[in-house]
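# Fold and geometry: a report
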Amino acid sequence: MSAERPELLGVGGLSTGYGAEPVLHAVDLQVRAGEMVALLGANGAGKSTLMRSLSGLHKPLQGGIHLGGVELTGLPAEQVVRLGLVLVPEGRQVFPELSVLDNIRLGAFLRPAGREQRVEEMLTRFPRLRERLHQRAGLLSGGEQQMLAIARALMSQPRVLLLDEPSLGLAPKVIAELFAALDRLRGENMTLLLVDQMAALALALADRAYVLENGQVVARGTAAEIAADPALAKAYLGAHG
Ligand code: ATP
């Protein structure tokens, strides 16, 4: 059971913001080795800010971030990637003018050893990318770009993969394919922290989940507990109410 696995990523009392108003308030969160954890909440709840803070792209004002017992707080993004915490950012952010192959290769810039063999593994994992290997990444469909962004992240051999809204803007069929790929990663014991608006789908895959509302964790539990928790519906309704 996941409860017996050691903690890999730990976030304690994390607060941050962009100016006068804090956006995250004392967020505590834990991801154990081999777990998939879903981070749910309405638009503006602070999910992307948390993901960016974990990745070293946004400075926390207070609190700590640990990966496998190593303090990450305040480290630059490149160092965070080197230590194994890797973000697949919202909006994919592939390099549109570069080929699919070069986008994948770029993911290995910190770990070049065995690069071409790992590229081959990615093309086996995501066969659509093999078909498009020499095309410019900007010409791919949204779903293909998302697969490419995940492949690029995997090339850096993460210990924990952070996924920010991977299903955003994708057609239902493509979302199903994407979640199948995430399920496969989960089956390979990859440790995953997933932000997604598709709460039901995310909870169907996740071991545990957190609900973020106005920058605070308002519920945490197993995926089944969170699926049944009124805090989840309230957090989403809160966005429109
Ligand atoms: P979404 O699903 O819309 O991305 P989110 O839960 O990821 O929502 P964040 O993007 O983290 O939420 O935004 C949290 C709050 O921080 C919002 O009120 C947003 O307006 C504010 N915010 C986000 N980025 C910035 C920024 N660069 N400068 C100022 N305020 C920001």
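Before reading further, recall that the structure is shown in the block above.
Before going into details, it helps to say that this report is about the structure given with it. All chains use their own residue numbering, which begins from 1 and follows the written sequence. With the structure being a predicted model, the display of local features is reserved for residues of pLDDT at least 70 and the display and counting of side-chain atom pairs for 80 or more, all residues being used for whole-chain, interface and lining totals. Side-chain descriptors were evaluated using all non-hydrogen atoms of the structure, hydrogens and water having been removed beforehand.

## Looking at the side chain of serine 15
Going along the chain from the N terminus, every DSSP run of H or I of four or more residues is numbered as a helix, and every run of E of two or more is numbered as a strand. Here serine 15 lies in strand E1 (residues 7-17). Serine 15 gets classed as buried once you look at its relative accessible area, which sits at 13%. Throughout this description, a polar contact denotes any pair of N or O atoms lying within 3.5 Å of each other; where both atoms belong to protein, one of them has to be capable of donating a hydrogen while the other can accept it, and for residues adjacent in sequence the pair is counted only when both atoms sit in side chains. A polar side-chain atom of serine 15 sits 2.9 Å from the main-chain amide nitrogen of alanine 26. When sequence neighbours within four positions are dropped, the list of residues in contact with serine 15 reads Leu24, His25, Ala26, Pro60, Leu61 and Gln62. Categorising residues by exposure relies on relative accessible area from a 1.4 Å probe, with only protein chains included: less than 20% of the type maximum marks a residue as buried, more than 50% marks it as exposed, and the intermediate range marks it as partly exposed. The contact rule is simple, with two residues in contact once any of their heavy atoms fall within 4.5 Å.

## Some details on the side chain of lysine 47
By secondary structure assignment, the location of lysine 47 is in helix H1 (residues 47-54). None of His or the chain ends enter the tally, which takes Lys and Arg as positive and Asp and Glu as negative. When a carboxyl oxygen of Asp or Glu lies within 4 Å of a side-chain nitrogen of Lys or Arg, that pair is called a salt bridge. The side chain of lysine 47 sits in the buried core without any salt bridge; glutamate 165 is the nearest counter-charge, 4.3 Å away. Apart from the residues within four sequence positions on either side, lysine 47 is in contact with Leu39, Leu40, Gly41, Ala42, Glu165, Val195, Gln197 and Leu212.

## Observations concerning the sheet that holds strand E2 (residues 22-32)
Strands sit in the order E2-E1-E4-E5 across an open sheet of 4 strands; the sheet is antiparallel. Edge positions in the sheet fall to E2 and strand E5 (70-71), since each has one partner strand and no second. Here the rule is simple: two strands pair whenever DSSP picks up at least two bridges between them. Across 2 bridges, strand E4 (residues 62-67) lies against E5 in antiparallel orientation. Bridging from a neighbouring strand, leucine 67 pairs with valine 70 of E5.

## Comments concerning the environment of alanine 33
Locating alanine 33 in the fold gives a position in the loop between E2 and strand E3 (36-40). Setting aside residues no more than four positions away along its own chain, alanine 33 makes contact with Arg5, Pro6, Leu8 and Thr191.

## Observations regarding the layout of surface pockets
Using protein atoms alone on a 1 Å grid, points that fit a 1.4 Å probe yet trap it form a cavity, whereas open point sets bounded by protein on both sides within 12 Å along at least five of seven lines form a pocket; residues with an atom within 4 Å of a point count as lining. Grid points are joined across faces, edges and corners, and a volume is the space filled by probe spheres set on the points. For the largest pocket, the calculated volume is near 590 Å³. Together, 22 residues line the largest pocket, and Val81, Val86, Leu87, Pro89 and Arg152 are the ones closest to its centre. Sort the elements by how many residues they give to the lining of the largest pocket and strand E6 (residues 85-88) lands first, with 4 residues. A per-class count over the lining of the largest pocket returns 13 nonpolar, 5 polar and 4 charged. Space inside the second largest pocket adds up to approximately 160 Å³. Residue type decides the class: Asp, Glu, Lys and Arg count as charged, Ala, Val, Leu, Ile, Met, Phe, Trp, Tyr, Cys and Pro as nonpolar, and the leftover types, Gly among them, as polar. Each residue belonging to the lining of the second largest pocket can be placed in one class, and the counts come to 6 nonpolar, 2 polar and 4 charged.

## What to know about the nonpolar core
Counting residues in hydrophobic clusters, the biggest one holds 52 residues, and the most contacted among them are Leu40, Ile104, Leu129, Ile150 and Leu161. Considering each element in turn, this core owes the most residues, 7 residues, to helix H6 (residues 142-154). With sequence-adjacent residues up to four places away left out, isoleucine 150 is seen in contact with Val88, Phe126, Leu163, Leu178, Leu182 and Leu185. With 26 residues, the next largest nonpolar core counts Val27, Val31, Leu162 and Tyr210 among its residues. Buried Ala, Val, Leu, Ile, Met, Phe, Trp, Tyr and Cys residues form a nonpolar core when they are joined through side-chain atoms within 4.5 Å.

## A closer look at the pairing of strand E7 (residues 160-164)
With 5 of its 5 residues buried, E7 lies for the most part within the structure. Burial along E7 is two-sided: Val160, Leu162 and Asp164 facing one way and Leu161 and Leu163 facing the other are all buried. Relative to E7, E6 runs parallel, the two being bridged by 4 bridges. Paired with leucine 87 across the two strands is leucine 162, which belongs to E7.

Distances and angles like these do not, on their own, reveal function.
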